[in-house]
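# Structural overview
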There are 2 protein chains.
Amino acid sequence: MPDPGFASSDDEFGFIARHLRPLASGHSGAFDLTDDAALLEPTAGMQLVLAKDALVEGVHFLQHDSAEHVAQKALRVNLSDMAAMGATPRGYLLALMRPKRLPPEWLGRFSHGLAQDQAAFGVTLLGGDTVVTPGVLTLSITILGEVPRGQTLRRSGARTNDDIYVSGTLGGAALGLEVLQGRLSPPIAASEFLIKRYRLPEPRIELGEALRGVAHAAIDISDGLLADLEHVLNASGKGAEIYTHRIPMSQAAAPHRGALDAALAGGDDYELLFTADPEQRPAIQAISEQRSLPLTIIGQITEGSELKIRDADGRPFSTNRRGWRHF
Amino acid sequence: MPDPGFASSDDEFGFIARHLRPLASGHSGAFDLTDDAALLEPTAGMQLVLAKDALVEGVHFLQHDSAEHVAQKALRVNLSDMAAMGATPRGYLLALMRPKRLPPEWLGRFSHGLAQDQAAFGVTLLGGDTVVTPGVLTLSITILGEVPRGQTLRRSGARTNDDIYVSGTLGGAALGLEVLQGRLSPPIAASEFLIKRYRLPEPRIELGEALRGVAHAAIDISDGLLADLEHVLNASGKGAEIYTHRIPMSQAAAPHRGALDAALAGGDDYELLFTADPEQRPAIQAISEQRSLPLTIIGQITEGSELKIRDADGRPFSTNRRGWRHF
């Protein structure tokens, strides 16, 4: 039932006024969060792109993750969906289901985390809802972006003989989670790097924008390389051949026994996987250099529907771990 | 942590394919829920209106409410936000955080409830996310609608001497909750009516559309008449005088001792409160008759910022219950 007390209602309003309203000041259509809904109009010639990803304590983040990191991870996994579509993010709506035990400082730090990422990624809070839940801390964000009409990057566009690229490095986030769980104890610098990969993914917004008209298909790697590549293959009606020794891994991740498994199936890296005609290699190399972001060819799209994984000697590589799945 | 089992991932995909995908077939930009995001373009000359309301088990619905009712209430409270803005709803995104214990039949009935209301209100599922939560069942819906440019109904438009209207009847939902909690035992027909008011609010979409260019300000009554009227007064910088004996109550609600309290502060009725120039009385009466929906003047907007409540004899009426609040 709703809280019948006026005091707790006032708290709710106070929280919104103090912490959330300033986050909405960048967009007149958010009406300072004082109305029932927000107004938005896409720029002429642009289509609106919408995605919604929820995060649950104990599933997508840990109870002791900081409020700032929880806020930023929630926003960034949604920003990553925009990157995967080649969209420029504009704003977001937030539903915050918070347990009563959360202290007011937590809410302040949570809002501070959002404010920092709003500045970093050029988005504004447009509206949303806060409720006290008897369950665990849960966040749902709906993100809105725009893309020039017809230029959306889709999962379904891969063509035979396309190169398959991944950005950055893979496996670090899954290993970072193992560090947080006490199952892996690398040197301190590597620990910090891996934990950051887990807690604060780097949505590849600028890369997604640069790949409009260049890539045939794209997806962000949230479930794991194999699972997400399979999404592309299924949507495109194609197969693929990839090489394990070409999969880019960070220096912090590579030495660990589970690094390849983490790279193939670990998920949570939020790098982009995309396919492009081999003719685009010079253009893609230029994009990589401009952004100082490695873009690595890990294999090719093939006819059929099979995903073949080979090692450095061309031998078939078997794995039964295909990563997490959601929609 | 994510569920490492492949089986549970398959379940998730199977659920989406079987139950959710058909709900998205009405909009090509939903890509059958197979991509990272949905594409949407507002109709020419229309602005996009966005709202997001979350529902939590034990807070906004009861554990034993049926799956269909949970689905429909979640959709309808969001549709009600569209009505309050004078917007025509087009589609929605859904985040479903479900406890493991929910049986597959529940998900089927949940989707069935959504399908029925999609048909009733002309909306389509555009995308979203499903996750298994260790907490309670939680739903977050983001709804999208459109409104001709500049014709949005706002909370802030009330003018001095405007009539204050409410649609339908008030207090029924709060009394229905009391019936469900065993605190009220009216005759069976009244029970059913009141419970339905709580479980299945009727979003006043057509009324909202008809009030474009007619009403000065509007809001939906979710927190309670007094709380929501205060939102309008605060946003408009006005006061008001309302009369308790004019507040419309259903025959099922009126006989109960707590009926007036429920009507003033109960919330959950999801009727519209709106203000309009007295010159609009004939137009508003016509709207009421066309829709067989009572539209009742309960008072007037005044200068200042005070909300005065009077009884039938003009005496000030005091209440310390101001209803629930959220943003």
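Residues numbered from 1 in each chain as written. Chains lettered and ligands numbered in written order. Predicted model: local features only at pLDDT ≥ 70, side-chain atom pairs only at ≥ 80, totals over all residues.

### Description of the interface of chain B and chain A
So the rule is basically this: Residue pairs qualify as contacts under a 7 Å threshold applied to their C-beta atoms, which are placed from the backbone. Numbering of helices and strands runs from the N terminus; a helix is a DSSP stretch of H or I covering at least four residues, while a strand is a stretch of E covering at least two. In this count, Pro and Cys sit with the nonpolar residues alongside Ala, Val, Leu, Ile, Met, Phe, Trp and Tyr, while Asp, Glu, Lys and Arg are called charged and the others, Gly among them, polar. Each pair of strands is called paired provided DSSP finds at least two bridges between the two strands.
At the interface, 58 residues of chain B touch 58 residues of chain A. Secondary-structure elements contributing two or more residues to the side of chain B that touches chain A are α1 (6-20), β1 (38-40), β2 (46-56), α2 (67-85), β3 (88-99), β4 (124-133), β5 (138-148) and β7 (217-220) of chain B. Here the residues of the side of chain B that touches chain A sort into 31 nonpolar, 14 polar and 13 charged. Pairing of strand β1 (residues 38-40) of chain A with β2 of chain B involves three bridges; the strand directions are antiparallel. Looking across to β2 of chain B, one finds that alanine 38 of chain A is bridged to leucine 50 of chain B.

### Observations regarding the packing of α2 of chain B against helix α3 (residues 104-121) of chain B
Residue and element names in this part refer to chain B. Heads up, the condition is: Throughout, an axis means a line fitted to C-alpha atoms (over the contacting stretch in the case of helices), and angles, computed between N-to-C directions, take values from 0 to 180 degrees. Each angle receives one of four descriptions, namely roughly parallel if under 35 degrees, roughly antiparallel if over 145, roughly perpendicular if within 65 to 115, and oblique otherwise. Less than a right angle of anticlockwise turn of the near helix away from the far helix marks a crossing as left-handed, whereas a clockwise turn marks it as right-handed.
Interaxial distance between α2 and α3 falls to 7 Å at its minimum, and their mutual angle equals 40 degrees. The orientation of α2 with respect to α3, classified from their angle, is oblique. Between α2 and α3 lies a crossing of right-handed hand. The residues of α3 that touch α2, namely those facing Ala67, Glu68, His69, Val70, Ala71, Gln72, Leu75, Arg76 and Leu79, are Trp106, Arg109, Phe110, His112, Gly113, Leu114, Asp117 and Phe121. Tallied by class, the residues present in the contact of α2 with α3 amount to nine nonpolar, four polar and four charged.

### Quick word on unusual backbone geometry
Phi angles above zero are rare outside glycine, and asparagine 161 of chain A is one such case at about 75 degrees. Within the secondary structure, asparagine 161 of chain A sits in the loop between β5 (138-148) and β6 (163-167). Unusually for a residue other than glycine, serine 292 of chain B sits at a positive phi of about 45 degrees. Residue position: serine 292 of chain B is located in the loop between α9 (281-290) and β10 (295-302).

### Observations concerning the pairing of strand β10 (residues 295-302) of chain A
All names here are of chain A. As paired elements, β6 and β10 share five bridges and run antiparallel to each other. Residue isoleucine 164 lies in a different strand from β10, and its bridge partner there is glycine 299. As judged from the four bridges shared by strand β8 (residues 239-243) and β10, these two strands associate in the antiparallel manner. Across the sheet, the residue bridging to glutamate 241 is glutamine 300, located in β10.

### Some details on the domain arrangement of chain A
Residue and element names in this part refer to chain A. The following threshold applies: Per the annotation, domain bounds derive from an automatic or database assignment of domains.
As assigned here, chain A comprises domain 1 (8-28 + 46-148) and domain 2 (155-310). The C-alpha-based centres of domain 1 and domain 2 are spaced at 26 Å. Taken together, the contact between domain 1 and domain 2 spans 19 residues of the former and 18 residues of the latter. No other element matches helix α2 (residues 67-85), which puts 12 residues into the side of domain 1 that touches domain 2. The class makeup of the residues in the side of domain 1 that touches domain 2 is 10 nonpolar, five polar and four charged.

### So, helix α7 (residues 225-236) of chain B
For an α-helix the count is 3.6 residues per turn, leaving residues at separations of three or four pointing the same way. All names here are of chain B. To keep it simple, the criterion reads: Expected span of a helix: the number of residues minus one, times 1.5 Å. Residues with at least 20 other C-beta atoms within 10 Å of their own are called buried, those with 12 or fewer are called exposed, and the rest are partly exposed. The C-beta atoms themselves are positioned from the backbone.
With 12 residues, α7 extends 16 Å between its outermost C-alpha atoms, agreeing within 8% with the 16 Å of an ideal straight helix rising 1.5 Å per residue. Counted residue by residue, α7 has nine buried out of 12 residues, so it is predominantly covered. Those residues of α7 not exposed but buried are Leu225, Leu226, Ala227, Asp228, Leu229, His231, Val232, Leu233 and Ser236. Those residues of α7 that are buried are in contact with β6 (163-167), β7, β8 (239-243), α8 (259-265), β9 (272-276) and β11 (307-310).

### With respect to the sheet that holds β7 of chain B
Residue and element names in this part refer to chain B. Read from one edge of the open sheet, six strands run β7-β9-β6-β10-β8-β11, paired in mixed fashion. The open sheet has two edge strands, β7 and β11, and neither has a second partner. Put simply, the sheet's adjacent strands are angled 25 degrees from each other on average, direction ignored.

### A word on the relation of the copies chain B and chain A
Copy one and copy two of the chain differ by a rotation about a common axis and a shift along it. Rules: C-alpha atoms of residues with pLDDT of at least 70 in both copies form the basis for the least-squares superposition of the copies.
Note on the copies: chain B fits chain A at an RMSD of 0.0 Å, the axial shift is 0.0 Å, and the rotation between them is 180 degrees. Interpreted geometrically, this transformation is the action of a two-fold axis. Every residue of chain B has its C-alpha some distance from the rotation axis, and the shortest such distance is that of glycine 135 of chain B, at 2.1 Å. A shared interface surface links the copies, since 100% of the contact residues of chain B are contact residues in chain A too.

### Notes on α2 of chain B
All names here are of chain B. Taking 1.5 Å as the rise per residue, α2 with 19 residues should run 27 Å; its terminal C-alpha atoms sit 28 Å apart, in good agreement. Counting buried positions along α2 yields 19 of 19 residues, so the element is predominantly enclosed. Note on α2: the residue one or two positions beyond its end, glycine 86, has a positive phi of about 75 degrees.

### Quick look at the environment of alanine 283 of chain B
Inspection of the secondary structure assignment puts alanine 283 of chain B in helix α9. Residues alanine 283 of chain B and leucine 170 of chain B lie 113 residues apart in sequence; the distance between their C-alpha atoms is 23 Å.

### Observations regarding the sheet that holds β1 of chain A
Ordered by their spatial adjacency, five strands build an open sheet running β1(A)-β2(B)-β5(B)-β3(B)-β4(B), and the pairing between neighbours is mixed. Every other strand in the sheet has two partners, leaving β1 of chain A together with β4 of chain B as the edge strands with one partner each. Strand after strand, the sheet turns through a mean of 20 degrees between neighbouring axes, direction not considered. Pairing of β2 of chain B with β5 of chain B involves 11 bridges; the strand directions are antiparallel. Among the inter-strand pairings, valine 49 of chain B is bridged to a residue of β5 of chain B, identified as glycine 145 of chain B.

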